[in-house]
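Notes for the structure review
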Amino acid sequence: MKSSIVPLTRTTLKVTGRIFKVLPMLLGVLLSTRVVRAQQAPDPADQDKQTIRMLLERVEQLEARVTQLEAARQGRPAVAPTLVTQQASTPAEPETETQAEQPSEPERMDLSKTLLRMRGFGDITLHGDNHKGDTTSFSLGQLNLFVTSDVSEKFKFLTEIVFEAGPDNAVGVDVERMLLEYSPSDYFNLAVGRYHTAIGYYNTAYHHSTWFQTTTGRPFLFDFEDKGGPLPIHNVGVSASGLIPSGRLGLHYVAEVGNGRTSRSPANEPVQNLVDENNHKAFNLAFFARPESVRGLQAGFSVYRDVLSPANLPRIGETILAAHAVFVRPKFEWLNEALVIRHAPFGLSHVFETPGFYTQLSKQFGSYRPYFRYQYMNESNREPVFPDIGLRHGPSVGLRYDASESVAVKLQYDYTLLRRQEAVNGLALQVGFTF
Amino acid sequence: MLVAAVVWLKPAPGWSFRGAGYAQTTSGQSLAIIVNQSNPVENLSLTELRRIFLGERSHWPNGRRITLVIMPPGEPEREAILREVCRMNEKDYNNHFLHGLFTGEVFASPKTLSTPVGVRKFVFNVPGAIGYVRTADVDDSVKVLRIDGLLPGDKDYKIPMQARLAK
């Protein structure tokens, strides 16, 4: 015990001795610190004022924020669906405001909904035929970026941007569709911009997606303008469409007014995107029925009218009459379309008529879909607008194999008879996909 | 006494305690088509319902946009709707909507919610929404539509959870 006390006492004494040595120094430091603090500290009254000022500023900031949030909330007719979607697993508080009908409020852009949604389509083809001058080639098809955005509850934006190689192998970009759609009801929808003309069925059913099509390509009649097609596939203007109250008959209408096609020179861009070459506008009116009793059936007709102004020729009245009857179900399709293109030069009694039709049949067996198409188009050699199309007709047979839900492989054989030329045998292997 | 209480509370065969009240279990259950309580529509024909679920109708009679809410692939409720209402398989249904959006005939794609509670709350919050849940998942926050004049549980109601056996 002693031995333990003595060292402790010694240690204590040592520490005490050190404290006594350090104590004056510590007191000096403490005093100097207090003096410095006393010199730096403001008057308590000033300190309170400063605090109050800061608090008032903070209150003002919060009030401004509350005002901003209230304004934003009043401008929103309902809880944003996408927000709710994201918070689906969390309980949503009942809010009577969100259920209130607010028809008188102007359309507002909902930032939570105006996200761009993009879908892509593409295809690559190996094609060969015996037509003079043609070579067997791998071809990049159209790379199609389909973009939509819900601008508000009634407005929607839609565009198809297509990257495509031309005959010179250079890749160019085209805005194939660009539409702002206004949809206040099922009976009236209005779209402005560049659209696919509602002539017949095919043009507005498949647009620029090869993947959606059963076959490797479009019928002759519906080839794009820059591929030599005879129809005004694209138009820039206004399109109205909707249901016609007709019960189980399911009648629809489409009415379009646009610039029409370029006719002054074949070298010009075929779609009048910016300037119309004349004041006359192209009109198109289409009606079709989708009867409830036969699901998948659609039958209709359309009338298109324009005035063309080719250089060094009299103006030409253009009328396109088209009719279609299609039966499309997921496992079966039968497409039938016929049309006649009438060109009537002003001051001449002669009218140039170009008739054409196609029929296409296919049936799905598992992942395989064999198909058949026969098409016909007969244009006069003296036709003033498209003298180089002539007569083309013949069958196509093919097989589509859906390798996955997004990839289709198609093999197609075409036999095409031409006027005063050797018949063309063509074979194409294509991979079409969506992404 | 406890045992007696449990025996007394035990539901009859074919019924369970899920949701707000008694409802049939999966084997005998139906799908309820639900809309927001403010929606004036009370009844739809099966054809009208099909058109809505295929995106071919985008507005209610009062002009409000229809917002379709569906459950993700693989959920029994979705399978029942595809089978009984849309009459399509999963691939065809997806292709239909993709094609419809592409042609512009379908104005907006459906919202996908993973749980019945999520569907119910979405329908409660969005005035133009329409969705489906099992009858056991229905509560007073949403309105159940009649289909061809019939409610879930009525004889001959046309949207059962399970496939009907061929006669």
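Definitions and cut-offs
- Residues numbered from 1 in each chain as written.
- Chains lettered and ligands numbered in written order.
- Predicted model: local features only at pLDDT ≥ 70, side-chain atom pairs only at ≥ 80, totals over all residues.
- Helix = DSSP H or I, 4+ residues; strand = E, 2+ residues; numbered from the N terminus.
- Buried ≥ 20, exposed ≤ 12 C-beta atoms within 10 Å, placed from the backbone.
- Contact = placed C-beta atoms within 7 Å.
- Axes fitted to C-alpha atoms, helices over the stretch in contact; angles between N-to-C directions.
- Parallel < 35°, antiparallel > 145°, perpendicular 65-115°, else oblique.
- Nonpolar A, V, L, I, M, F, W, Y, C, P; charged D, E, K, R; others polar.
- Pairing = 2+ DSSP bridges.
- pLDDT = per-residue confidence, 0-100.

**Concerning the overall build of chain A**
- Each helix and strand in chain A was counted, giving 5 helices and 17 strands.
- Put simply, chain A has 435 residues, and 28% of those count as buried.
- Put simply, 53% of the contacts in chain A that link residues at least 6 apart link residues at least 24 apart.

**Digging into unusual backbone geometry**
Residues and elements named next belong to chain A.
- Positive phi values are uncommon outside glycine, yet His207 reaches one of about 50°.
- The topology assignment puts His207 in the loop between α5 (202–206) and β7 (234–244).
- Phi is positive for Arg420, which is not a glycine, with a value near 55°.
- Counting through the fold element by element, Arg420 comes out in the loop between β16 (407–418) and β17 (424–434).

**Brief notes about the packing of helix α2 (residues 46–53) of chain B against helix α3 (residues 76–86) of chain B**
All names here are of chain B.
- Following both chains from N to C, one finds α2 and α3 inclined at 125°, their axes separated by 10 Å at the closest point. One finds that α2 runs oblique with respect to α3. Side by side, α2 and α3 meet where Leu46, Leu49, Arg50 and Phe53 of the first sit next to Ile81, Val85 and Cys86 of the second.
- A per-class count over the contact of α2 with α3 returns 6 nonpolar, no polar and 1 charged.

**A look at helix α5 (residues 116–125) of chain B**
- Buried residues dominate α5(B), accounting for 9 of its 10 residues.
- Where α5(B) is concerned, the buried positions are Pro116(B), Gly118(B), Val119(B), Arg120(B), Lys121(B), Phe122(B), Val123(B), Phe124(B) and Asn125(B).

**A closer look at the sheet that holds strand β6 (residues 111–112) of chain B**
All names here are of chain B.
- In spatial order, the strands read β6-β5-β7-β3-β8; together these 5 strands make up an open sheet with mixed pairing. Unpaired on one side and paired on the other, β6 and β8 (142–144) mark the two borders of the sheet.
- Two strands pair when backbone bridges link them, and strand β5 (residues 67–70) and strand β7 (residues 129–134) are joined in this way by 2 bridges, in the parallel orientation. Pairing of Thr67 across the sheet is with Ala129, part of β7.
- Docked against the sheet, α3 engages β3 (31–36), β5 and β7, running at close to 115° with respect to β7.
- Its contacts with the sheet place α5 against β3, β5, β6, β7 and β8, and it is angled at close to 150° to β7.

**Remarks on the confidence of the model for chain B**
Residue and element names in this part refer to chain B.
- Confidence in the prediction for chain B averages 82 pLDDT; 80% of positions are at 70 or higher.
- Within chain B, the lowest mean pLDDT, 38, falls on strand β1 (residues 15–16), and the highest, 95, falls on β8.
- Overall fold confidence (pTM) sits at 0.73, and the ipTM for the predicted complex is 0.73.

**Some words on the environment of Ser406(A)**
Residues and elements named next belong to chain A.
- Along the polypeptide, Ser406 turns up in the loop between β15 (391–402) and β16.
- A count of 14 C-beta atoms within 10 Å places Ser406 in the partly exposed class.
- In this structure the C-alpha to C-alpha distance between Ser406 and Thr434, which are 28 residues apart in sequence, comes to 5.3 Å.
- Among residues more than four places away in sequence, those in contact with Ser406 are Phe433, Thr434 and Phe435.

**Quick look at the pairing of strand β11 (residues 316–329) of chain A**
Residue and element names in this part refer to chain A.
- In this sheet, β11 lies alongside strand β10 (residues 297–308) in antiparallel orientation, the contact comprising 12 bridges. Each bridged residue has a counterpart across the sheet, and for Gln298 the counterpart in β11 is Val326.
- Taken together, the 14 bridges between β11 and strand β12 (residues 332–345) define a ladder with antiparallel strand orientation. Bridge pairing links His324 to Glu337 in β12.
- Hairpin connection between β11 and β12: a loop of 2 residues separates the two successive antiparallel strands.

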